[in-house]
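The primary structure of each chain is shown beneath.
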Amino acid sequence: MTIELPWSSINTPVSGYLWKRHHTDLKHVFWWGKDHLGRPVWLFQLTTTEHLVVNERRRPSVAGLGIEFVVVDNGKFEGLKVTLLTPDADIFHSLCLILISVAEAVETETQALASVVTHVERWQSFLAAARRDVLTPEEARGLHAELIVINLLIDSYGRSASEVVAAWEGPLGRPQDFHFADGYIEVKAVGGRYGDAVLISSEYQLDVASKSLCLIAIELREEEDENPALSLNQLVAKTLGRMGAEDGKLFEDRLLIAGFITRPEYDFPAYQVGKIHTFQVDDSFPSICASKLMAGLSNVKYRVDLAEASKSRIPLLNLWTKSENG
């Protein structure tokens, strides 16, 4: 899916900048721009130069971005200017849209600027994750399984793509992969180095007292016959292709935060989906939970043999289905 970037309609100026205002019906003022080198620029326009002095000490430093508190075009604009120094215009666009969103979530200019600066600081770690070494085989398998569940929730459970992508909070560091209003879902890939056992990453992952929690175990087999198989790159493209522009951008942002960018290393292996088992995480499900740990114990990691959890197996997710909702 190709989305036209705002800089594509801005010519490269001989000197200085050329600007195009973002939507005019917002609380704050934002501009898309291009400098004389043809580089994409985003500017959060401020109403007072006091910000330039106060916030210069907190100016973030992010690889690939030029970040300045400036007065430009002979005083026509002043504010926070972010210039892209690398070819990653699509990723930069995602960042800018998020910055606009966090700024618009608060009322005053001071609050908005603080939110933007904080998010830029966080983005530094996001970009670092995207440019680190490739995902480990187990990380890639886990992401593959989560993408299968995204498609499953849309196809078999009547959830909209918008709702599913918004609920996919595992990449944001939440203990469970999906957070819906009516329940949480944790996803595990099985059939790899641990066989039918799954690794639980903390004492909080299966410890949810206030919501229904289901664990979905996806059997992934490397391509063995003529049955359909997809690589991680292919599954990402397939999932993205079924989404609209806004949902697609959010999906790409979550992938980026998860440490994924399309690269040749993810062309192989291709996986076939085998059995899919669903478990209700209840008192009979084998787990170690924070609420039951002795004082002084923390940072717990453990494996669960799913064969020993058969009493908690359920035929369907404890969430609504198409047939229940028409």
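Conventions used here
- Just so you know, the residues in each chain are numbered from 1, in the order the chain's sequence is written.
- In view of the model being predicted, local features appear only for residues whose pLDDT reaches at least 70, and side-chain atom pairs are presented and counted only at 80 or more, with totals across whole chains, interfaces and linings using the full set of residues.
- In computing side-chain values, all of the structure's heavy atoms are included and hydrogens and water are not.
- Helix and strand assignments come from DSSP, with helices taken as H or I runs of at least 4 residues and strands as E runs of at least 2, each series counted from the N terminus.
- Contact criterion: two residues are considered in contact whenever any of their non-hydrogen atoms come within 4.5 Å of each other.
- In this scheme, a residue with accessible area under 20% of its type's maximum is buried, one over 50% is exposed, and one in between is partly exposed, where area comes from a 1.4 Å probe on protein chains only.
- Among buried residues, those of type Ala, Val, Leu, Ile, Met, Phe, Trp, Tyr and Cys that are joined through side-chain atoms within 4.5 Å constitute a nonpolar core.
- Lines fitted to C-alpha atoms define the axes here, with helix axes fitted over just the stretch in contact, and angles between the N-to-C directions of these axes take values from 0 to 180 degrees.
- The scheme is simple: roughly parallel for angles under 35 degrees, roughly antiparallel for over 145, roughly perpendicular for 65 to 115, oblique for anything else.
- We call a crossing left-handed when the near helix sits turned anticlockwise from the far one by less than a right angle, and right-handed when that turn is clockwise.
- The nonpolar class holds Ala, Val, Leu, Ile, Met, Phe, Trp, Tyr, Cys and Pro. Asp, Glu, Lys and Arg form the charged class, and all remaining residues, Gly among them, are polar.
- Confidence of the predictor at the level of single residues is captured by pLDDT, which takes values from 0 to 100.
- Should DSSP find at least two bridges between two strands, the strands are regarded as paired.
- Here a pair means two rings of Phe, Tyr or Trp (six-membered ring of Trp) with centres within 6.5 Å. Their orientation is stacked below 30 degrees between planes, edge-to-face above 60, and tilted elsewhere.
- Criterion for a charge above a ring: Lys NZ or Arg CZ within 6 Å of the ring centre, and within 35 degrees of the ring normal.
- Both cavities and pockets are sets of points on a 1 Å grid over the protein atoms alone; in a cavity a 1.4 Å probe fits but cannot get out, in a pocket the set is open with protein on both sides within 12 Å along at least five of seven lines, and lining residues sit with an atom within 4 Å of a point.
- Grid points are joined across faces, edges and corners, and a volume is the space filled by probe spheres set on the points.

A separate point is the environment of Ile10. Mapped onto the secondary structure, Ile10 falls in the segment before strand S1 (17–21). If near-sequence neighbours (up to four positions away) are discounted, Ile10 is found in contact with Leu18, Lys20, Trp32, Gly33 and Lys34.

Our next topic: the environment of Thr118. Tracing the chain through its elements places Thr118 in helix H3 (residues 109–130). In this structure Thr118 comes out as partly exposed when scored by relative accessible area, which is 34%. On a C-alpha basis, the gap between Thr118 and Leu99 in space is 9.7 Å, while along the polypeptide they are 19 residues apart.

This brings us to the nonpolar core. Counting 35 residues, the largest nonpolar core has Leu147, Ile150, Leu153, Phe178 and Phe251 as its most contacted members. Of all the secondary-structure elements, those providing two or more residues to this core are helix H4 (137–156), helix H5 (161–167), strand S6 (178–180), strand S7 (183–190), strand S9 (213–222), helix H6 (232–241) and helix H7 (245–257). Per-element tally for this core: the top contributor is H4, with nine residues. Ranked by size, the runner-up nonpolar core spans 26 residues in total, among them Ile10, Ile67, Leu84 and Cys96.

This brings us to the packing of H4 against H6. The geometry of H4 relative to H6 is characterised by a closest axis approach of 10 Å and an angle of 25° between their N-to-C directions. In terms of orientation, H4 lies roughly parallel with respect to H6. In the packing of H4 onto H6, the handedness of the crossing is left-handed. For the pair H4 and H6, the contacting residues are Ala140, Leu143, His144, Leu147, Ile148, Ile150 and Asn151 in the first and Leu232, Leu235, Val236 and Thr239 in the second. Per-class residue counts for the contact of H4 with H6 are eight nonpolar, three polar and no charged.

What follows covers the confidence of the model for the protein chain. Averaged over every residue, the pLDDT of the protein chain is 85; residues scoring 70 or more account for 86%. Residue range residues 321–326 is modelled with pLDDT below 50. Its contacts to residues more than four positions away, or to other chains, number 10 contacts.

With respect to topology, five strands assemble into an open sheet ordered S6-S7-S9-S10-S12, the strand pairing being mixed. With one partner strand each, in any of the chains shown, S6 and strand S12 (313–314) form the two edges of the open sheet. The sheet contact formed by S7 and S9 spans seven bridges and is parallel. Across the sheet, residue Lys188 finds its bridge partner in S9, namely Ala217. H4 contacts S6, S7, S9 and strand S10 (271–280) of the sheet and is inclined by roughly 130° relative to S7.

A word on the packing of aromatic side chains. In this description, a pair of aromatic rings is defined by centroid distance and the angle of the planes. Within the structure shown, the criterion is met by nine aromatic pairs. Relative to Phe92, the ring of Trp7 lies with its centre 5.3 Å away and its plane at 15°, an arrangement referred to as stacked. Linking Trp7 in the segment before S1 with Phe92 in helix H2 (residues 89–104), this pair joins segments that are 85 residues apart in sequence. Members of the aromatic cluster, each reached through a chain of ring pairs, are Trp7, Trp32 and Phe92. The cationic tip of Arg159 hangs over the ring face of Phe180; the distance from NZ or CZ to the ring centre is 4.4 Å.

What follows concerns the layout of surface pockets. In this structure, the largest pocket occupies an estimated 900 Å³ of space. The wall of the largest pocket is formed by 33 residues, among which Glu138, Glu139, Gly142, Glu146 and Lys188 lie closest to the centre. Sorting the residues of the lining of the largest pocket by element identifies H4, S7 and strand S8 (197–200) as the ones contributing at least two each. The greatest single-element share of the lining of the largest pocket, amounting to six residues, is contributed by H4. Partitioning the lining of the largest pocket into residue classes produces 13 nonpolar, nine polar and 11 charged.

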